[in-house]
Amino acid sequence: MRLAKDLVVFLLAVGCVVVVANLAVSTVISGTAGPEEKKWAMSILSAATGGLVGYLVRK
């Protein structure tokens, strides 16, 4: 039961990260987004990329 709960929490977290990253990418490539929105989106993408690289390289 605990494994199932951990899996559900993990999948929810991954889903939330994917949604936020998708929003950030769509904001960056949007022609109508202002400079402040693009700056916010780039910082979100930088943080996500840094976290992913840190997770993959930690040894």
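Look a little higher up for the structure.
Remember, it's a predicted structure, so these values are computed and weren't measured experimentally.

S.K.: Just checking my understanding: could you explain the overall build of the protein chain for this structure?
M.R.: Helix and strand content of the protein chain: 2 helices and 0 strands. For 59 residues, the compact-globule formula gives about 10 Å, and the C-alpha radius of gyration of the protein chain, at 15 Å, lies well above that figure. Each principal axis of the C-alpha distribution contributes one length, and for the protein chain these read about 45 × 25 × 15 Å. Accessible surface, the protein chain as shown: approximately 5,000 Å² in total, 74% of it carbon and sulfur.

S.K.: Can you walk me through the packing of helix α1 (residues 2-29) against helix α2 (residues 35-57) in this structure?
M.R.: The geometry of a pair of packed helices is captured by two quantities: the angle between their axes and the separation between those axes. With their axes 8 Å apart at the nearest point, α1 and α2 run at an angle of 140 degrees to one another. Compared by their axis directions, α1 and α2 come out oblique. In this structure, α1 meets α2 at a crossing whose hand is left-handed. Contacts between α1 and α2 involve V20, A21, A24, V25, T27 and V28 on the former and, on the latter, E37, K38, W40, A41, M42, I44 and L45.

S.K.: Where do I start with the pattern of salt bridges in this structure?
M.R.: Where side chains of opposite charge bring their charged atoms close, a pairing between them can arise. The tally for this structure, following the rule as stated, stands at 2 salt bridges. Residues D6 and R2 are paired through a salt bridge, measuring 4.0 Å at the closest nitrogen-oxygen approach. Taken together, the residues span about one helical turn, with D6 and R2 both in helix α1 at a distance of 4 residues. Accessibility expressed as a relative area gives 37% for D6, which makes it partly exposed.

S.K.: Is there a simple way to think about the environment of A13 in this case?
M.R.: Within the element layout of this structure, A13 appears in helix α1. With relative accessibility at 41%, the residue A13 sits in the partly exposed group. Linking A13 and S46, residues 33 residues apart in sequence, is a C-alpha distance of 18 Å.

Rules used throughout
Residues numbered from 1 in each chain as written. Predicted model: local features only at pLDDT ≥ 70, side-chain atom pairs only at ≥ 80, totals over all residues. Heavy atoms only, no water. Helix = DSSP H or I, 4+ residues; strand = E, 2+ residues; numbered from the N terminus. Rg over C-alpha atoms; globule rule 2.2 N^0.38 Å. Areas by Shrake-Rupley, 256 points an atom, 1.4 Å probe, with all protein chains shown as cover. Axes fitted to C-alpha atoms, helices over the stretch in contact; angles between N-to-C directions. Parallel < 35°, antiparallel > 145°, perpendicular 65-115°, else oblique. Left-handed = near helix turned anticlockwise from the far one by under 90°. Contact = heavy atoms within 4.5 Å. Salt bridge = Lys/Arg side-chain N within 4 Å of Asp/Glu carboxyl O. Buried < 20%, exposed > 50% of the residue type's maximum accessible area, 1.4 Å probe, protein only.

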